[in-house]
Amino acid sequence: MAVAKYAGVSAMTVSRVLNQPGKVAEATRKKVQAAVDALGYVPNLAANTLRRERSGVIVALVPTLENSVFSDTVQGISNALEQEGCQLLLGCSSYSPEREEKLVRALLGHRPDGIILTGTLHTAETHKLLESARIPVVEMWDIAADHIDMAVGFDNFAAGHDIASHMISCGYESLGYVATSPEHEIHENRAAKRSKGIYAAVAEAGIGMPARQNVRNPLDIADSGVIAADFVVANPGLDAIICANEIIGVGAIAELQNRGWQIPDQIAVCGIGDANIAALVTPGLTTVQFYGQDIGKRAAELILDRLNGQQAADGKQDVGFRIVSRASTAEKPS
């Protein structure tokens, strides 16, 4: 093999570098990679697939890459797979179970070794396709009572419940909820679970149920901010709003401040999700922090462990979340 001769190593070492780089010493890996680059060598993946009866490909489907939490998740998956010489094949479902089904059907044609899905809401046909494929499946970003095979994520109901409870514990009693549309919640049941958690916490506290305002596009920061600010102006009795994600929350802060509102003195704002923008806005957004990169890493590791013949002690891993309190909220005086 030309690469092995050029690098002065065995063909087996070259194979390990190309297929399992994480198991090769860094100096050797660099030497082989230099030979690959110098010779312009491209591995024959089809031949490897036939020889190993594995494709070395893992499929991951996420709703969108517009939200950085999912970008972080993809990065976590990619990092873990790269260590084992596996390739990531990525698809975006646009929060549509029907589009997810089409992607699953198409991508299974590449004979992946495993598939990672976002959430637990899938069409009946997607379930059938995955059962027929007989490959490891991980559902991430939600810990449901029932899942197809394995799962990594957190309790979305608890996330909504805890952020509402936090606001109530700060002394806010007249809450508003700036939410995604009911149609979006039908297709994105994680958001629906968080909404239910918010309402449950308010009911437990015995305060008035929050007035609700839906936004058109929860990923449009400017439009959502205008809708949130209009909602606050139309409901002067509110002392705080809970936003369905950090994008809406940041948009609300920006638009309210443009209109002269003091945050949190006149109105407190919190969100759900802790993308970088939540900490960069002034005042910083109080929110729920999710561990997107860790979710992706663990999802990939569950697939890899299964492929290597290791059965996870717990096929359902809860990575949790935490409330991050910033200056967009404050303890109200008694």
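Fair warning: this is a prediction, and the values are worked out from it, not measured in the lab. (Residues numbered from 1 in each chain as written. Predicted model: local features only at pLDDT ≥ 70, side-chain atom pairs only at ≥ 80, totals over all residues. Heavy atoms only, no water.)

**Student:** Explain the overall build of the chain to me, please; I cannot follow it from the model alone.
**Tutor:** Counting secondary structure elements, the chain contains 14 helices and 12 strands. Seen through its C-alpha atoms, the chain measures out along the principal axes to roughly 75 × 40 × 35 Å. The buried share of the chain, taken over its 334 residues, is 52%. Of all intrachain contacts in the chain linking residues separated by at least 6 positions in sequence, the fraction that spans at least 24 positions is 71%. Each charge class in the chain can be summarised by its mean position, and for the 29 positive and 38 negative side chains these summaries are 10 Å apart. (Helix = DSSP H or I, 4+ residues; strand = E, 2+ residues; numbered from the N terminus. Buried < 20%, exposed > 50% of the residue type's maximum accessible area, 1.4 Å probe, protein only. Contact = heavy atoms within 4.5 Å. Lys, Arg positive; Asp, Glu negative; His and termini not counted. Charge placed at Lys NZ, Arg CZ, Asp CG, Glu CD.)

**Student:** Teacher, can you tell me more about the sheet that holds strand S2 (residues 87-92) here?
**Tutor:** For sheets, the rule is that strands pair by backbone hydrogen bonds, running either parallel or antiparallel. Read from one edge of the open sheet, 6 strands run S2-S1-S3-S4-S5-S11, paired in parallel fashion. Two strands bound the open sheet, and with one partner strand each, they are S2 and strand S11 (316-318). The sheet shows a mean angle of 15° between the axes of neighbouring strands, taken without regard to direction. As defined by bridge partners, strand S4 (residues 137-140) adjoins strand S5 (residues 150-153) across 3 bridges and the pair is classed as parallel. (Pairing = 2+ DSSP bridges. Axes fitted to C-alpha atoms, helices over the stretch in contact; angles between N-to-C directions.)

**Student:** Can you walk me through unusual backbone geometry in this structure?
**Tutor:** Cis geometry is found at the peptide bond from isoleucine 263 to proline 264, where omega equals 5°. Considering the arrangement of structural elements, one finds proline 264 in the loop between helix H12 (246-258) and strand S9 (268-270). The residue tyrosine 95 is not glycine, and still its phi comes out positive at about 60°. Mapping tyrosine 95 onto the fold places it in the loop between S2 and helix H6 (97-108). Within the chain, arginine 134 stands out as a residue other than glycine whose phi angle is a positive 55°. Within the secondary structure, arginine 134 sits in the loop between helix H7 (124-133) and S4.

**Student:** Got a minute to help me understand the layout of surface pockets in this structure?
**Tutor:** Any space left empty among the atoms is revealed by the rolling of a water-sized probe across them. Considered as a void within the structure, the largest pocket measures approximately 350 Å³ in volume. Val17, Leu18, Pro21, Gln33 and Glu82 are the residues nearest the centre of the largest pocket, which is lined by 12 residues in total. Looking at the lining of the largest pocket, the elements that each hand over two or more residues are helix H2 (11-19), helix H3 (26-39) and helix H5 (68-83). The class makeup of the residues in the lining of the largest pocket is 5 nonpolar, 5 polar and 2 charged. (1 Å grid on protein atoms, 1.4 Å probe; cavity = no way out; pocket = protein on both sides within 12 Å on 5 of 7 lines; lining within 4 Å. Points joined across faces, edges and corners; volume = space filled by probe spheres on them. Nonpolar A, V, L, I, M, F, W, Y, C, P; charged D, E, K, R; others polar.)

**Student:** Even after reading the chapter, I still don't get the packing of H5 against helix H14 (residues 292-307), so can you show me in this structure?
**Tutor:** Each pair of packed helices gets described by two things: the angle between the helix axes and the distance between those axes. Close contact between H5 and H14 brings their axes to 6 Å; oriented N to C, the two are set at 35°. For the pair H5 and H14, the crossing hand works out as right-handed. Contacts between H5 and H14 involve Val69, Asp72, Thr73, Gln75, Gly76, Ile77, Asn79, Ala80 and Leu81 on the former and, on the latter, Gly292, Gln293, Gly296, Lys297, Ala300, Glu301 and Leu304. Tallied by class, residues from the contact of H5 with H14 come to 6 nonpolar, 7 polar and 3 charged. (Left-handed = near helix turned anticlockwise from the far one by under 90°.)

**Student:** Whenever I open this one, the packing of aromatic side chains confuses me. Can you help?
**Tutor:** Geometry of an aromatic ring pair is reported as the spacing of the ring centres plus the angle between the planes. On inspection of all chains with the given rule, the structure shows 6 aromatic pairs. Cluster of aromatic residues (ring-pair linked, three or more members): Phe70, Trp141, Phe154, Phe290 and Phe321. (Phe/Tyr/Trp six-rings, centres within 6.5 Å; stacked < 30°, edge-to-face > 60°.)

**Student:** What should I look at first to understand the sheet that holds S9 in this one?
**Tutor:** An order of S7-S6-S8-S9 is seen for the 4 strands of this open sheet, with the pairing classed as parallel. Looking at strand neighbours, the two that pair on one side only are strand S7 (211-214) and S9, the edges of this open sheet. For this sheet, the mean angle separating the axes of adjacent strands, direction not counted, is 20°. Sheet analysis places strand S6 (residues 175-179) next to strand S8 (residues 240-243), joined by 4 bridges and oriented parallel. Within the sheet, the bridge partner assigned to glycine 176 lies in S8 and is isoleucine 241. Sitting on the sheet, helix H11 (residues 221-234) is in contact with S6, S7 and S8, with an inclination near 150° to S7.

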